[in-house]
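Coordinate inspection notes
Residues per chain, in single letters:
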Amino acid sequence: MALFSQMPSTMALFLVLLGTLSSFIYFFRALTTNKNDRKLPPGPAPLPIIGNLHMLGKLPHQSLHCLAQRYGPIMSIKLGHVPTIVVSSPEAAEVFLKVHDVVFASRPKVQSSDYVTCGAKGLAFTEYGSYWRTVRKWCILHLLSASKVECFAPVRKAEMVSLVESVRAMAAEGVTLNLSQQVAKVVEVIMSRVIFGRCMDDEVELKPLIDETMYLAGVFNLSDYIPFLAPLDLQGIERRLKRTSNGLHAFFDKLIDEIEQGSTNIEEPKSYTDFFHVMVSLLNTPMNPTDKVQYIIGRENIKAIMVDMVAASFDTTATAIEWTLSELLRHPRVMAGLQHELETTVGRNRMVEESDLPKLTYLNMVIKESFRLHPVAARESRILVNVWSMGRDRTVWSDNAEEFFPERFENSSIDLRGHDFQLIPFGAGRRGCPGTQLGLTTLRLIIAQLVHCFDWELPDAMLPNELDMTEKFGLSLPRANHLFAKPAYRLVG
Ligand code: HEM
């Protein structure tokens, strides 16, 4: 029961006792209930109270993958009291995310969103309905549309120059780089500049608060699954949520006050107005003036939407880049192929420009292949689409499904935007990711730049196949250990 190893010992003991009690009740019930009552898809028998929680282990997506081998691509499990359907094949995903999308478009009410997004007043954890629809349209209009993403091109360009300069300086010193940290930093700065209009590296409080939010939103919270345990707060999660949400509220209140008083620290004259300034300028006005039901933008809405935007953009994008670079380091043949494409398309005498990206077809294949094996986010609902499992399905990807082989996408029309259910790293349907364009543009550019401007070597003469690829469970399934590599500058001049 590896899940228990992540929990405090008192809680683990409590769950063991609860599990024992559950087993007694289970056997008693098994003797007294009629099996024909069940109309749910097949799945492992749940214990009373804890359901199947004890079967999830440290890496639930992998445990569910194994269970799906036994029970099939539409499986029913119980997480505590909560019946959950686990979907593990493209056909089944299509049924739930396309045909019956509207039925499953809602989000469960969870303790973390009650605290950090002021009772789900943001976007990602908000119940399906007219408020969610308004907020989503609003975020697309002011931040995530293709034309907005285009406006931020100068931000990305400037950050690429400083990234390449700083890695070049480290290369000159022969330093081994913590690539995970470096990538997380550049993503954070780019996203902060488009969301807040400035990099937040002087705001020491934000990153740890967001990290804590991501942890608390990703962890299995017993209070969500076994509600009668909630008042006991056995994992101490509610305590931490209170502390974190107080910190986030204070942080955003201070920023809103600064803008309202005109004392904000804007770094540069900009060709765009950042999302946060737009929001604050519309404080106390309707979000949707032309609609029948009006939603007024209050401070709580601003704070909740900002938390969602930051939490949804920082980690997902950085984790996807980290996995792609890890696969490239493990597969020198693919790395060489990509560098060759960059050399012939861009040339060794300049950095990659955003306008080069549409011509980089092998880069796109590499990114698809990385998303196939390392999806970094999953649908948060009572329907759990196990994209990790779908990416390893031999009936879809043939016998080499476990292998990193971008060429499988040669002459294939499969894209990443939720139309092809074999590969849905950004989800699909009504709740599909609205930040796909921003995320994809940013990650393509960073990967292309790092691969084009530098040769990379693993530290301590490590062989490519010795690189550790262990995952850590959380909202974005990152690497368990940071990725380190030694850069060597490869452009001319
Ligand atoms: C590589 C980067 C990214 C990946 C892989 C990714 C993936 C996902 C996935 C799988 C979902 C759930 C979809 C579903 O439930 O069907 C999602 C939702 C969401 N993503 Fe992204 N995302 C990325 C970047 C971004 C960025 C940059 C933003 C915006 C700043 C963003 C904002 C959101 C929001 C707000 C939702 C919730 C949408 C809703 O519930 O209506 N994402 N993302």
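Residue positions are counted from 1 within each chain, in the order its sequence is given. In keeping with the model being predicted, local features are shown solely for residues with a pLDDT of at least 70 and side-chain atom pairs are shown and tallied solely at 80 or more, while totals for entire chains, interfaces and linings include all residues. Side-chain measures here rest on the full set of heavy atoms in the structure, leaving out hydrogens and waters.

Per an unreviewed UniProt entry, the chain goes by the name Cytochrome P450 and belongs to Hibiscus sabdariffa. The record in UniProt for the chain states the following under Subcellular location (unreviewed entry): "Membrane". UniProt positions are given in the numbering used here, feature names are shortened, and annotations may be inferred rather than shown by experiment. The UniProt entry for the chain carries the following comment under Cofactor (unreviewed entry): "heme".

Turning to the pairing of strand S5 (residues 454–457), a few remarks are in order. Remark: exposure states derive from per-residue accessible area (1.4 Å probe, protein chains only) relative to the maximum for the residue type, with buried under 20%, exposed over 50%, and partly exposed in between. Counting from the N terminus, the helices are the DSSP runs of H or I reaching at least four residues and the strands are the DSSP runs of E reaching at least two. Here S5 shows one buried face, formed by Phe-454 and Trp-456, and one open face, formed by Asp-455 and Glu-457. Of the strand pairs in this sheet, S5 and strand S6 (residues 484–489) are connected by four bridges, and their pairing is antiparallel. From the neighbouring strand, Phe-454 faces S6, where its bridge partner is Tyr-489. Pairing between two strands requires that DSSP report at least two bridges joining them.

Right, let's talk about the side chain of Asn-301 for a bit. Among the secondary structure elements, Asn-301 is positioned in helix H13 (residues 299–330). Residue class for Asn-301 comes out buried when judged on its relative accessible area of 9%. Whenever a nitrogen or oxygen atom comes within 3.5 Å of another N or O atom, the pair is scored as a polar contact, on the condition that within protein one atom can donate a hydrogen and the other can accept it, and that pairs from neighbouring residues in sequence are kept only if both atoms are in side chains. At a separation of 3.0 Å, a polar atom in the side chain of Asn-301 contacts the main-chain amide nitrogen of Gly-298. If sequence neighbours within four positions are ignored, Asn-301 has contacts with Lys-121, Tyr-131, Met-279, Met-287 and Ile-296. We call two residues contacting when some pair of their heavy atoms lies within 4.5 Å.

Ordered in space as S1-S2-S4, the three strands form an open sheet in which the pairing is mixed. The outermost strands of the open sheet, each flanked by one partner alone, are strand S1 (74–79) and strand S4 (383–385). On average, each strand axis in the sheet is inclined to that of its neighbour by 30 degrees, with strand direction left out of account. Bridge count for strand S2 (residues 82–87) against S4 is three bridges, and the pairing is parallel. Among the inter-strand pairings, Val-87 is bridged to a residue of S4, identified as Val-385. Sheet contacts for helix H2 (residues 60–71): S1, S2 and S4; angle to S1, the most-contacted strand, approximately 130 degrees. Lines fitted to the C-alpha atoms define the axes, with helices restricted to the stretch that makes contact. Angles between their N-to-C directions range from 0 to 180 degrees. On the sheet, helix H3 (residues 90–99) packs against S1, S2 and S4 and is oriented at approximately 125 degrees with respect to S2.

This paragraph deals with the coordination of the iron atom of the ligand. Note on donors: an N, O or S atom is included if it sits within 2.8 Å of the metal, or within 3.2 Å for Na, K and Ca, and water is never included, so sites can look incomplete. There is one protein donor for the iron atom of the ligand, namely Cys-433 (SG), at 2.3 Å. Within the secondary structure layout, Cys-433 lies in the loop between helix H17 (394–397) and helix H18 (436–453).

For this description, a residue counts as near a given molecule or strand if any of its non-hydrogen atoms is within 4 Å of it. Taken together, 27 residues are adjacent to the ligand, and Arg-107, Trp-132, Arg-136, Arg-431 and Cys-433 come closest. One nitrogen or oxygen atom from the side chain of Trp-132 is found 2.8 Å from an oxygen atom belonging to the ligand. At the level of elements, helix H5 (130–144), H13 and H18 are the ones that each hand at least two residues to the shell around the ligand. Gly falls in the polar group here, along with every residue not listed as nonpolar (Ala, Val, Leu, Ile, Met, Phe, Trp, Tyr, Cys, Pro) or charged (Asp, Glu, Lys, Arg). Residue classes in the shell around the ligand are distributed as 16 nonpolar, seven polar and four charged.

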